[in-house]
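One letter stands for each residue in the lines below.
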Amino acid sequence: MRKIVYIIMGLMGLMGLMGCTETISDAKQEAAQPQIYPDYVGVTIPVNIAPLNFGMADEKALLVDAIIADRHGNTLHSQGDESVDFDLDDWHALLGQNPGDSLTVTVSAKYDDGWHTYRSFSLYVSPDSIDYGLCYRLIEPGYEVWSKMGIYERDLSTFDERALIENTQFEGCVNCHSFNRGNPADMSLHIRGPHGATLLRHNGQRSMVNGQWSMAAYNTKTPQTLGLCVYPYWHPSGRYIAYSTNTTRQLFHSADPNRIEVFDEASDIQVYDVEKNELLLSPLVKQDSVYETFPVFSADGRSIYFCAARDSSLFTLNSSLNNLHYNLCRIDFDPATGRYGDKIETIVDAAAAGKSISFPRPSYDGRFLCYTLSDYGQFSIWHHEADLWLLDLATGESRPMIEANSDDTESFHNWSANSRWLVLSSRRDDGLFTRPYFCHIDAQGTVTKAFMLPQRNPRRFYRDRFFSFNVPEFINGPTRFDSHQASRAINDEYRKNFGVSSSQP
């Protein structure tokens with residue numbers, strides 16, 4: 001018993017030492033604000049975001065110390081060797097007391113020559129909350145073959161992450177996950193490889209089994225279409241999914257900052273009627289002389305935005321891809337009948353400026369549309385010049401999102417359910433890996449500085465994890481995704497075929 005008491009006392013003493021913080025004394029007062037990683041200086045954050053832990057950018061600091069204070073005298077303190085690690089409950093309590101207000105952050109760092117205290121900076125706490133979580137694909141670097149990858153779900157108010165499905169459960173590649181405005185009950189997930197399929201589950205069918213949404217595996221290729229359906233986007237009603245079908249190729253540059261190109265030799269658009277299991281086609285978005293891709297429904301569901309480039313004899317594998325430019329276009333869509341309009345409207349003529357548009361995403365309140373602008377082509381995720389632009393749908397004016405852009409790639413992006421937050425994919429961290437960033441956009445279109453997805457120990461997390469975050473999508477609740485049910489459907493040979501509506505031209 002005496003030995004047990006000594007052991008317990010020793011452990012308590014060790015825990016006490018581990019919990020100790022060093023007192024800051026004789027600190028040199030620096031006029032500059034701190035250089036921290038990730039760069040959270042002056043950012044606007046959701047009231048329900050996970051703690052913004054950080055370290056010093058130069059990695060030479062022996063200790064880093066941070067005190068966050070509000071104007072009411074409440075404070076939050078953390079000190080660590082690699083990064084600060086704020087208590088989760090205390091962090092949320094402080095943010096919850098200050099929606100619409102600013103917090104002051106004072107950072108000190110200990111180096112070989114002693115402590116340095118830097119000029120304080122502010123964090124603005126937006127009263128606009130962010131969605132429950134984020135869903136993304138984690139993929140290792142590679143071009144010809146795939147290694148380990150999976151679809152993962154992250155709780156944005158904590159650091160909790162879980163795998164929905166990984167390709168260790170089957171042979172193949174997972175991609176093109178999509179939800180209806182973040183509602184995980186309406187989900188589309190594409191599988192490539194020997195067990196290729198599209199998994200669908202739909203809230204309208206009320207297909208709950210043991211608390212999980214049941215799903216079915218589909219073959220989306222039909223004799224009337226180019227190939228498999230990809231790049232899904234749900235209609236707000238949940239009845240339709242807009243897809244494109246793409247004949248895609250890739251090549252590598254021998255000498256170019258953009259090391260790889262992915263391009264289409266043909267592509268069309270179609271809409272899938274979930275209730276009737278039919279593809280709805282139109283010759284206007286199925287032209288041999290035009291490459292149509294990246295379809296998305298408008299906020300009211302009465303039109304489809306998409307990217308389109310006119311085929312040109314100048315564009316061949318023996319000529320420059322610089323001649324391929326995509327415009328932002330729109331066509332009407334009638335949700336009651338499932339019929340397309342009779343004309344295509346060019347919304348943004350990027351080709352006239354020698355530029356190209358990809359990944360259009362309208363805000364769910366119908367106010368804005370965000371798109372990626374690059375020099376050419378439509379697969380901008382490796383284009384270092386790619387930036388985000390914001391289109392005001394009320395005025396028709398576009399402007400670059402200078403506040404959120406960087407000197408490196410900005411590509412795929414999506415809106416939160418309240419249309420106040422945008423998640424964007426960026427390579428600004430190291431030029432190689434794609435990581436999620438967030439920015440706030442208010443009702444007038446004011447954009448804030450983007451900040452990186454928080455991690456408990458951000459430097460160790462992003463340094464040691466050699467994965468890109470691919471296609472980040474907001475979700476408004478846990479997906480309750482049954483990976484065992486999904487893997488059984490994928491590995492099963494049975495596929496339900498998509499039909500094609502006979503009433504469409």
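Report follows, based on the coordinates. (Residues numbered from 1 in each chain as written. Predicted model: local features only at pLDDT ≥ 70, side-chain atom pairs only at ≥ 80, totals over all residues. Heavy atoms only, no water.)

Moving on: the sheet that holds strand 12 (residues 161-166). With antiparallel pairing, four strands are arranged side by side in an open sheet as 12-11-10-35. In the strand order of this sheet, the two ends are held by strand 12 and strand 35 (468-475), each with one partner. Averaged over all pairs of adjacent strands, the angle between strand axes in this sheet comes to 25°, irrespective of strand direction. Pairing geometry for strand 11 (residues 149-155) and strand 12, over five bridges, is antiparallel. Looking at strand 12, one finds that Y152 is bridged to A163. (Pairing = 2+ DSSP bridges. Helix = DSSP H or I, 4+ residues; strand = E, 2+ residues; numbered from the N terminus. Axes fitted to C-alpha atoms, helices over the stretch in contact; angles between N-to-C directions.)

Grouped together as the largest cluster of nonpolar side chains are 98 residues, with contacts concentrated most on W91 and M401. Ranked by the residues each element gives to this core, the list is headed by strand 24 (residues 303-310), at six residues. Not counting residues within four places of it along the chain, the set of residues in contact with M401 comprises C370, L388, W389, L390, L422, C439, I441 and V447. By size, the runner-up hydrophobic cluster in this structure holds 21 residues, among which are C135, M149, F481 and I490. (Core = buried A, V, L, I, M, F, W, Y, C linked by side-chain atoms within 4.5 Å. Buried < 20%, exposed > 50% of the residue type's maximum accessible area, 1.4 Å probe, protein only. Contact = heavy atoms within 4.5 Å.)

This part is about the pattern of salt bridges. For the structure shown, the criterion picks out 22 salt bridges. Among the salt bridges present, the one from D101 reaches R71, with a minimum N-O distance of 2.7 Å. Taken together, the positions of D101 in strand 7 (residues 101-111) and R71 in the loop between strand 5 (63-69) and strand 6 (75-80) put the pair 30 residues apart, joining distant regions of the chain. Looking at R71, the relative accessible area reads 61%, which means it is exposed. (Salt bridge = Lys/Arg side-chain N within 4 Å of Asp/Glu carboxyl O.)

This paragraph deals with empty space enclosed by the protein. The final tally for this structure, using the stated rule, is six cavities of 30 Å³ or more. Here the largest cavity defines a volume of roughly 70 Å³. Every residue lining the largest cavity is listed: S178, F179, N180, R181, P232, Y233, W234, R361, Y364, N414 and E473. Those elements giving two or more residues to the lining of the largest cavity turn out to be strand 13 (173-180) and strand 19 (230-234). Here the lining of the largest cavity is built from residues that sort into five nonpolar, three polar and three charged. Of the volumes computed, that of the second largest cavity is approximately 50 Å³. Along the walls of the second largest cavity sit R181, Y233, W234, P236, F297, S298, A299, P362, S363 and Y364, which together make up its complete lining. (1 Å grid on protein atoms, 1.4 Å probe; cavity = no way out; pocket = protein on both sides within 12 Å on 5 of 7 lines; lining within 4 Å. Points joined across faces, edges and corners; volume = space filled by probe spheres on them. Nonpolar A, V, L, I, M, F, W, Y, C, P; charged D, E, K, R; others polar.)

This next bit is on the side chain of N180. Take N180: it is sitting in strand 13. Among the polar contacts made by the side chain of N180, one reaches the main-chain carbonyl oxygen of H235 at a distance of 3.3 Å. If we ignore the near neighbours within four places in the chain, the residues touching N180 are D186, W234, H235, P236, S237 and G238. (Polar contact = N/O pair within 3.5 Å; in protein donor to acceptor, adjacent residues only side chain to side chain.)

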